[in-house]
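# Structural description and commentary
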Amino acid sequence: MKTDIKIPELLCPAGDLLRLKTAVDFGADAVYFAGQEFGMRTASPNFAKEDILEGIRYAHENGVKVHITCNTLPHDDEIARLPEFLEFINSAGADAVIAADLGSIRMAKKYAPKLELHASVQSGIVNSETAKALYDMGAKRVVLAREMSLKEIAYLREHTPDDLEIEAFAHGAMCVSFSARCLLSSYMTGRDANRGDCAQPCRWSYSLMEETRPGQFFNITEDKKGTYILNANDMCMAEHLYEMANAGIDSIKIEGRAKTEYYVAVTANAYRGALDSLKNADSNWQVPDWVMEELNKISHRTYSKGFYFGRPENAQTYPNAGYLRDYSIAAIVTGYEDGYITATLKNKFLRGCELDCLEAGHIPFKIQTDILLNGENEEIDTANHPMMTIKIPFERPVRVGSMLRMKV
């Protein structure tokens, strides 16, 4: 039996203006990013004021909403600068501000009254009473803690106002600490995770030492390198979007403001395809095969379902903190002329190599390079000079900005 479920919004990360435009081009309904302050990802380039204006213009011209993060826990010397920034994004035409700190929430309502207020995951929302308290403070949306199950989310949905929107993470890195409120980085490096400067010590290798035997380390596992005991696996809920929608989630969020343009393109395109396939779906819905194939082509840790179905069965990877990397970018498409794709080379490959094309709005497809030309229309056997122009015959134009990939 078909069910009439609401297709959730696809909310994608943008670490800079290029990644914002990539998210928009590859299918995002909304993007989220930070200015130069008050965002939880200082490792990302983030957005200067002129980039914010350009990002809002580009997104809105393409029917995409803009959510701006102010979700750090600022100290007094920092929060004194917040009103000016809030007034700027209010006048710039952003759609929402994401905040966690109660003082920041209060100031957002005062200095950015045109924007929707979204209560950040940093707020630690795990019950309907907290959600309702934030709603009473003016929140239009709550971003739920990653530690909630689908059953708990459905209960929260049933016991909160109908016009309060629910957002939840569907993909990306997981934090070993509750709602990412971690002190490890501050203690070990002096870098405050709650102000966006996490050094990610949870990804480091650890051994055990007994206090009366200084310098004598005991391996926690049999691996002589120690263990990555805090190393949380990545989340991937692409196969369970029906359950997420059915639980009442209005927006699914992709983590990754510090990730590459390629990561943004793949995740946006894959989740767009998955969500589109939910139209007229029933409880027997299965994600299209190509979606999971795509999500395995980005650099990632072992995938898990997080806490959505209870305590995770494969929450952490202990032997190492490494990523799975199976594909790399061969070239970026720059045009189409006389039956040939033109592209700028990123990584060396040989003539005869089968390339995989990631084009916005399309299921990825194969391109053979049995004929390979350089920019002077000379046949070559190897494309081996970064940024050189290459040409590959193909039966139709391919959108500028498409990515040609190869298996490594």
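## Focus on the sheet that holds strand β17 (residues 365–368)
Sheet architecture is open: 7 strands sit in the order β17-β16-β21-β13-β14-β20-β18, paired in antiparallel fashion. Edge positions in the sheet fall to β17 and β18 (373–374), since each has one partner strand and no second. With 3 bridges connecting them, strand β16 (residues 354–358) and strand β21 (residues 403–407) associate as antiparallel partners. By the bridge assignment for β21, Cys 357 is matched with Leu 404. Those strands touched by helix α10 (residues 261–276) are β13 (327–337), β16 and β21, and its axis lies near 95° from that of β21.

## A few points about the packing of aromatic side chains
Counting across every chain of the model gives 3 aromatic pairs. Relative to Phe 47, the ring of Phe 33 has its centre 3.9 Å away and its plane inclined at 20°; by these criteria the two rings are stacked. With Phe 33 in strand β2 (residues 30–34) and Phe 47 in the loop between β2 and α2 (49–61), this pair connects stretches of sequence that are 14 residues apart. Residue Phe 33 is classed as buried on the basis of its relative accessible area of 0%. Look at Phe 38 and Phe 85: their rings are 6.0 Å apart centre to centre, the planes differ by 40°, and that puts the pair in the tilted class. Of this pair, Phe 38 sits in the loop between β2 and α2 while Phe 85 is found in helix α4 (residues 82–92), placing the two residues 47 residues apart along the sequence. Residue Phe 38 is classed as buried on the basis of its relative accessible area, which comes to 8%. A relative accessible area of 10% means that Phe 85 is categorised as buried. Lys 49 extends its terminal NZ or CZ atom over the ring of Phe 88, reaching a point 5.1 Å from the ring centre. When the ring centre of Tyr 263 is taken as reference, the NZ or CZ atom of Lys 259 above it lies at 4.3 Å.

## Examining the side chain of Glu 255
With respect to the element layout, Glu 255 can be found in the loop between β11 (251–254) and α10. Residue Glu 255 is classed as buried on the basis of its relative accessible area of 7%.

## Quick look at the packing of helix α1 (residues 17–25) against α2
Two elements in contact, α1 and α2, have axes whose closest approach is 10 Å; the angle formed by their N-to-C orientations is 10°. Overall, the two elements α1 and α2 adopt an arrangement that is roughly parallel. Residues Leu 17, Leu 20, Lys 21, Val 24 and Asp 25 of α1 pack against Asp 51, Glu 54, Gly 55, Tyr 58 and Ala 59 of α2. Taken together, the residues of the contact of α1 with α2 break down into 5 nonpolar, 1 polar and 4 charged.

## Describing the nonpolar core
Nonpolar side chains in soluble globular proteins tend to be buried together. Among the nonpolar cores identified, the biggest contains 100 residues, and Met 244 and Tyr 271 are the most heavily contacted of them. Considering each element in turn, this core owes the most residues, 10 residues, to α10. Look past the residues within four positions of Met 244 in its chain and what remains in contact with it is Leu 150, Ala 168, Phe 169, Ala 170, Met 237, Ile 249, Ile 252 and Tyr 308. Within the second largest apolar cluster, 21 residues are counted, among which are Leu 345, Phe 394, Val 398 and Met 406.

## With respect to the pairing of strand β1 (residues 9–13)
Most of β1 sits inside the fold, with 5 of its 5 residues counted as buried. In β1, alternate side chains face the same way, and those of Glu 9, Leu 11 and Pro 13 on one face and Leu 10 and Cys 12 on the other are all buried. In this sheet, β11 lies alongside β1 in parallel orientation, the contact comprising 3 bridges. Bridge pairing in β11 links Leu 10 to Ile 252. As judged from the 3 bridges shared by β1 and β2, these two strands associate in the parallel manner. Of the residues in β2, the one forming a bridge with Cys 12 is Val 31. Regarding topology, α1 serves as the crossover connection from β1 to the parallel β2, and that connection is right-handed.

What counts, and where the lines are drawn
- Residues numbered from 1 in each chain as written.
- Predicted model: local features only at pLDDT ≥ 70, side-chain atom pairs only at ≥ 80, totals over all residues.
- Heavy atoms only, no water.
- Pairing = 2+ DSSP bridges.
- Helix = DSSP H or I, 4+ residues; strand = E, 2+ residues; numbered from the N terminus.
- Contact = heavy atoms within 4.5 Å.
- Axes fitted to C-alpha atoms, helices over the stretch in contact; angles between N-to-C directions.
- Phe/Tyr/Trp six-rings, centres within 6.5 Å; stacked < 30°, edge-to-face > 60°.
- Buried < 20%, exposed > 50% of the residue type's maximum accessible area, 1.4 Å probe, protein only.
- Lys NZ or Arg CZ within 6 Å of the ring centre and 35° of its normal.
- Parallel < 35°, antiparallel > 145°, perpendicular 65-115°, else oblique.
- Nonpolar A, V, L, I, M, F, W, Y, C, P; charged D, E, K, R; others polar.
- Core = buried A, V, L, I, M, F, W, Y, C linked by side-chain atoms within 4.5 Å.
- Right-handed = clockwise from strand over helix to strand, strands pointing away.

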